[in-house]
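Report on the structure
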Amino acid sequence: MLCKICSHKMVFFANARVLDKYEISYFRCEFCGSIQTEEPHWIEEASRLPMTLSDTGVLSRNLGLSRLTAVIVYFLFRKHASHLDFGGGYGLFTRLMRDIGFDFYWYDPFTENLFARGFEYFAHLHDIEVVSCFECFEHFQEPLKEIDKLLSISKNIIFTTVLLPGVAPLPNEWWYYGLDHGQHLCFYTKTALKFIADMHGVNFYSSGSVHLFTPTRISPELFGFLTKAYRFGLFTLVRWRMKTKMFEDRDRLIRARLS
């Protein structure tokens, strides 16, 4: 088995049971250190529900990520440009970003858009400055193909995924393997993400589980600062300076319905 990220040899790492029924194998890349499952024959069953039963943090995660993204976009990119939430789930994050004042759009081929209806992404209509992609990288069956797709939309990608610890834990020792739902297929190291960035000619910045691909050179210290300072007043400043689209969007949707 060859690594789906760097094409180097992978070696057997561990077995585990997913969905409490399928015994599967995990393999680790000898070069980039990523861990990937065998070909996921169980993924159709695992993906029947977009939100897993154990994802109790979905609301708090969206609230926190909307504040974090607002700060990063405001200080590092064109804040009044159009942006896209890729893999946007039910549209909650897109709606939160529009409520703050950012022109965000939604895309997710697997989930119904409930909260951001009317603000779906269409490539021929929207020139995208920043793509957000949260808790998706670990779901990719073909990481390079999916990341190629993201980078074809914009070279600026804000994304989250929890990196493998220095000593890779066994599947039953780390919650992020997601054995109960079986949807997590690929687990990254900084080396793996840096390899992807270099392959596409973009810079890679990382702070905890928050990462950024961008052709723009920025200070790693600044990126690290922004990923933390949003909790301590910086988001309040951004929210004060931006104009919410909540009421503008309401009027736009009413006009569209009546026309």
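Above this text you will find the structure in question.
Source: prediction; values computed, not measured.

Some remarks on the sheet that holds strand E4 (residues 82-86)
Within the open sheet, the 6 strands sit side by side as E5-E4-E6-E7-E10-E9. Their pairing is mixed. The open sheet has two free edges, formed respectively by strand E5 (103-107) and strand E9 (203-207), since each of these has just one partner strand. On average, adjacent strands in this sheet sit at an angle of 20° to one another, irrespective of strand direction. Alignment of E9 against strand E10 (residues 210-214), held across 5 bridges, turns out to be antiparallel. Paired with Tyr205 across the strands is Leu212, a residue of E10. Sitting on the sheet, helix H5 (residues 190-200) is in contact with strand E7 (157-160), E9 and E10, with an inclination near 155° to E9.

Examining the pattern of salt bridges
In this structure the tally under the stated criterion is 13 salt bridges. Here Glu142 ties to Lys4 by a salt bridge, and the two come within 3.8 Å at their closest N and O atoms. Taken as a pair, Glu142 in the loop between strand E6 (128-134) and helix H4 (143-153) and Lys4 in the segment before strand E1 (10-18) lie far apart in primary sequence, 138 residues in all. Its salt-bridge partner being Arg95, residue Asp99 comes within 2.9 Å of it at the nearest N-O pair. One end of the pair, Asp99, and the other, Arg95, are both in helix H3 (residues 92-100), 4 residues apart, so they sit about a helical turn from each other.

A word on the state of the cysteines
One covalent bond between the sulfur atoms of two cysteine residues makes up a disulfide. A full pass over the atoms with the stated rule returns 0 disulfides. Cys6 supplies the cysteine sulfur nearest to Cys3, a cysteine that is in no disulfide, at a spacing of 3.7 Å. The class for Cys3 is buried, based on a relative accessible area of 3%. Its sulfur unpaired, Cys29 is 3.3 Å from the next cysteine sulfur, which belongs to Cys6. Here Cys29 falls in the buried class, since its relative accessible area comes to 3%.

Some details on the side chain of Asp85
Here Asp85 shows up in strand E4. Of the side chains bearing the opposite charge, Arg61 lies closest to the buried Asp85, which forms no salt bridge; the N-O distance is 9.8 Å. Looking at Asp85, its side chain comes within polar contact range of the side chain of Ser132, at 2.7 Å. With residues near it in sequence (within four places) discarded, Asp85 still touches Phe93, Thr94, Phe104, Tyr105, Trp106, Tyr107, Ser132, Cys133 and Phe134.

Digging into the packing of aromatic side chains
By the definition in use, this model includes 21 aromatic pairs. Ring geometry for Phe93 against Phe104: centres 5.6 Å apart, planes inclined by 85°, an arrangement best described as edge-to-face. Residue Phe93 is located in helix H3, and its partner Phe104 is located in strand E5; the two are separated by 11 residues in the primary sequence. With relative accessibility at 1%, the residue Phe93 sits in the buried group. Classification of Phe104 as buried rests on a relative accessible area of 0%. For the ring pair Tyr105 and Phe119, a centre distance of 6.5 Å and an interplane angle of 50° mean the geometry is tilted. With a gap of 14 residues between them, Tyr105 in strand E5 and Phe119 in the loop between E5 and E6 connect regions that are remote in the sequence. The exposure classification of Tyr105 matches that of Phe119, with both residues buried. Ring pairs connect the aromatic residues Tyr26, Trp174, Trp175, Tyr176, Tyr177 and Phe187, which therefore count as one cluster. Above the face of the Tyr74 ring, Lys79 is positioned so that its terminal group lies 4.8 Å from the ring centre. The cationic tip of Arg98 hangs over the ring face of Tyr105; the distance from NZ or CZ to the ring centre is 5.3 Å.

Cut-offs applied
Residues numbered from 1 in each chain as written. Predicted model: local features only at pLDDT ≥ 70, side-chain atom pairs only at ≥ 80, totals over all residues. Heavy atoms only, no water. Pairing = 2+ DSSP bridges. Helix = DSSP H or I, 4+ residues; strand = E, 2+ residues; numbered from the N terminus. Axes fitted to C-alpha atoms, helices over the stretch in contact; angles between N-to-C directions. Contact = heavy atoms within 4.5 Å. Salt bridge = Lys/Arg side-chain N within 4 Å of Asp/Glu carboxyl O. Disulfide = S-S within 2.5 Å. Buried < 20%, exposed > 50% of the residue type's maximum accessible area, 1.4 Å probe, protein only. Lys, Arg positive; Asp, Glu negative; His and termini not counted. Polar contact = N/O pair within 3.5 Å; in protein donor to acceptor, adjacent residues only side chain to side chain. Phe/Tyr/Trp six-rings, centres within 6.5 Å; stacked < 30°, edge-to-face > 60°. Lys NZ or Arg CZ within 6 Å of the ring centre and 35° of its normal.

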